[in-house]
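Close look at the chain arrangement
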Amino acid sequence: MNKDFVLKVGSNIKKHREKKNLSQFELAVEIGVTPGAIGNLEVAKNDTSLSRIFDIAKALDVEPYELLK
């Protein structure tokens, strides 16, 4: 996967998470993953599935495309 794209998605996740005043732990609990998984997504250590993007978007009250743009 394109590293720049993965970095942008991670940055968008972090931006929207912080905008909603959620910690990585709180977001992780909301979508059923570990806080480390959220951290790894935000710094592009790992990529994720499209279904997980939908879960994250729902938890952050944004449309999925907001995380992908």
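Criteria and cut-off values
- Residues numbered from 1 in each chain as written.
- Predicted model: local features only at pLDDT ≥ 70, side-chain atom pairs only at ≥ 80, totals over all residues.
- Heavy atoms only, no water.
- Axes fitted to C-alpha atoms, helices over the stretch in contact; angles between N-to-C directions.
- Helix = DSSP H or I, 4+ residues; strand = E, 2+ residues; numbered from the N terminus.
- Left-handed = near helix turned anticlockwise from the far one by under 90°.
- Contact = heavy atoms within 4.5 Å.
- Nonpolar A, V, L, I, M, F, W, Y, C, P; charged D, E, K, R; others polar.
- Buried < 20%, exposed > 50% of the residue type's maximum accessible area, 1.4 Å probe, protein only.
- Arc of directions from axis to C-beta.
- Core = buried A, V, L, I, M, F, W, Y, C linked by side-chain atoms within 4.5 Å.

Before going further, it helps to examine the packing of helix 2 (residues 24–31) against helix 4 (residues 50–60). Between helix 2 and helix 4, the least distance of the axes is 10 Å, while the angle of their chain directions is 115°. The interaxial crossing formed by helix 2 with helix 4 has right-handed handedness. In this structure, helix 2 uses L27, E30 and I31 to contact helix 4, whose residues at the interface are R52, D55, I56, A59 and L60. Grouping the amino acids of the contact of helix 2 with helix 4 by side-chain chemistry returns five nonpolar, no polar and three charged.

Residues of helix 3 (residues 35–42) that are buried: I38, G39, L41 and E42. For helix 3, the arc enclosing every buried residue in end-on projection is 160°, short of the 170-degree limit, so these residues lie on one face. Contacts from the buried residues of helix 3 go to helix 1 (3–19), helix 2 and helix 4. In the stretch just after helix 3, A44 is the one whose phi turns positive, near 65°.

For the rest of this paragraph, the subject is the nonpolar core. If you look at the biggest cluster of nonpolar residues, it comprises 14 residues, and the most contacted ones within it are I13, L27, I31, I56, L60 and L67. Those elements giving two or more residues to this core turn out to be helix 1, helix 2, helix 3 and helix 4. Considering each element in turn, this core owes the most residues, five residues, to helix 4. Beyond its immediate sequence surroundings of up to four residues, L27 is in contact with I13, R17, I38, I56, A59 and L60.

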